[in-house]
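Listed below, chain by chain, are the residues.
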Amino acid sequence: MSFLAKLFRKQTEEEVKVAEKLNIGIVLGSTRQGRVSPQVGEWVKGIAEKRGDANYEIVDIADFKLPLLGEGTGEEPGLAQWNEKLASLDGFVFIVQEYNHSITGALKNALDSAREAWYNKAAGIVSYGSTGGARAAEHLRGICGELKIADVRTHPTLSLFTDFENMSEFKPADLHEANVNAMLDEVVSWSGALKTVR
């Protein structure tokens, strides 16, 4: 097809639907060796993709090699790539693990390594830990408020004791799928509404 034909042809209904879909990033909040966040992230993505209501992708902060805030030159390629990735997204699902009653240092650094790219977007939280990661999630909510991220109410919590075998192999209870879908309903709804603000 020639350039002019491509330029003036009418988009198919499927192309319009894909273009109109929101882009939601599933952010892996840990970078440590032996982490289980990729297992949890892929599980959430599998549930999300069955819905067909948005474009979902895993966003692994480990891929960006972010310097600790204030220790780099500010010119590191990962910083620019991180901000570009966040800017391309309409909403987020944070996969959060609890360390000493809070989020990981890696996630806090990643949150602090961007500013405007977070603004006026929505986020859901899926957390895990000895108490379901609830305390880490509450800390994250305060950070989200400062970054103008609207965190949704529904919050799937996973136990290291009952949803993981040997605290390393993720085997979630069936009941969590309904909670993830309820959380995604809210993320998609709020992400769409906030897109009009941006």
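Okay, so let's go over this structure. Being a predicted model, the structure only gives us computed values, none of them experimental.

In this structure, Trp82, Phe94, Leu111 and Trp118 are the most contacted members of the largest nonpolar core, which totals 28 residues. Of all the secondary structure elements, the ones that give two or more residues to this core are helix 4 (77-87), strand 3 (91-97), helix 5 (105-112), strand 4 (121-129) and helix 6 (134-146). It is helix 6 that provides the largest number of residues to this core, a total of 5 residues. Discounting chain neighbours no more than four positions away, the residues touching Trp82 are Val27, Val59, Ile61, Phe64, Leu66, Ala110, Ser113, Ala114 and Trp118. Within the second largest apolar cluster, 26 residues are counted, among which are Val36, Ile95, Tyr128 and Leu160.

Let us look at the environment of His176. Tracing the backbone through its elements, the reader meets His176 in helix 7 (residues 175-195). Separated by 13 residues in sequence, His176 and Asp163 place their C-alpha atoms 9.6 Å apart.

This part is about helix 7. Look at helix 7: 31 Å from first C-alpha to last across 21 residues, which is about the 30 Å you get at 1.5 Å a residue. Those residues of helix 7 not exposed but buried are His176, Val180, Met183, Leu184, Val187, Val188, Ser191 and Leu194. Within helix 7, the buried residues cover an arc of 140° as seen down the axis, which keeps them to one side. Across helix 7 from its buried face, at more than 90 degrees, point the exposed residues Leu175 and Ala178.

Let's shift gears to the environment of Ile143. The topology assignment puts Ile143 in helix 6. Judged by its relative accessible area of 16%, Ile143 is buried. In this structure, the C-alpha to C-alpha distance between Ile143 and Asp112, residues 31 residues apart in sequence, is 9.2 Å. Here Ile143 is in contact with Ile103, Lys108 and Leu111, once residues within four sequence places are set aside.

Tracing the backbone shows Asp90 in the loop between helix 4 and strand 3. The exposure class of Asp90 is buried, given its relative accessible area of 5%. Engagement of the side chain of Asp90 in a polar contact is seen with the side chain of Arg198, the distance being 2.8 Å. Asp90 has contacts with Leu22, Asn23, Lys121, Ala122, Ser191, Lys195 and Arg198, leaving out every residue within four places of it along the chain.

Quick look at the packing of aromatic side chains now. Summed over all chains, the structure comprises 8 aromatic pairs. With a centroid separation of 5.4 Å and an interplanar angle of 45°, the aromatic rings of Tyr128 and Phe164 are classed as tilted. Taken together, the residues Tyr128 in strand 4 and Phe164 in strand 7 (residues 164-165) connect sequence positions 36 residues apart. Classification of Tyr128 as buried rests on a relative accessible area of 5%. For Phe164, a relative accessible area of 5% corresponds to the buried category. Note on Phe164 and Phe170: the rings are 5.0 Å apart at their centroids and 40° apart in plane angle, and the pair reads as tilted. One aromatic cluster in this structure is built from Phe64, Trp82, Phe92, Phe94 and Trp118. Across the ring face of Tyr119, the terminal group of Lys148 is positioned such that the distance to the ring centre comes to 4.3 Å.

What counts and how
Residues numbered from 1 in each chain as written. Predicted model: local features only at pLDDT ≥ 70, side-chain atom pairs only at ≥ 80, totals over all residues. Heavy atoms only, no water. Core = buried A, V, L, I, M, F, W, Y, C linked by side-chain atoms within 4.5 Å. Buried < 20%, exposed > 50% of the residue type's maximum accessible area, 1.4 Å probe, protein only. Helix = DSSP H or I, 4+ residues; strand = E, 2+ residues; numbered from the N terminus. Contact = heavy atoms within 4.5 Å. Expected span 1.5 Å × (residues − 1). Arc of directions from axis to C-beta. Polar contact = N/O pair within 3.5 Å; in protein donor to acceptor, adjacent residues only side chain to side chain. Phe/Tyr/Trp six-rings, centres within 6.5 Å; stacked < 30°, edge-to-face > 60°. Lys NZ or Arg CZ within 6 Å of the ring centre and 35° of its normal.

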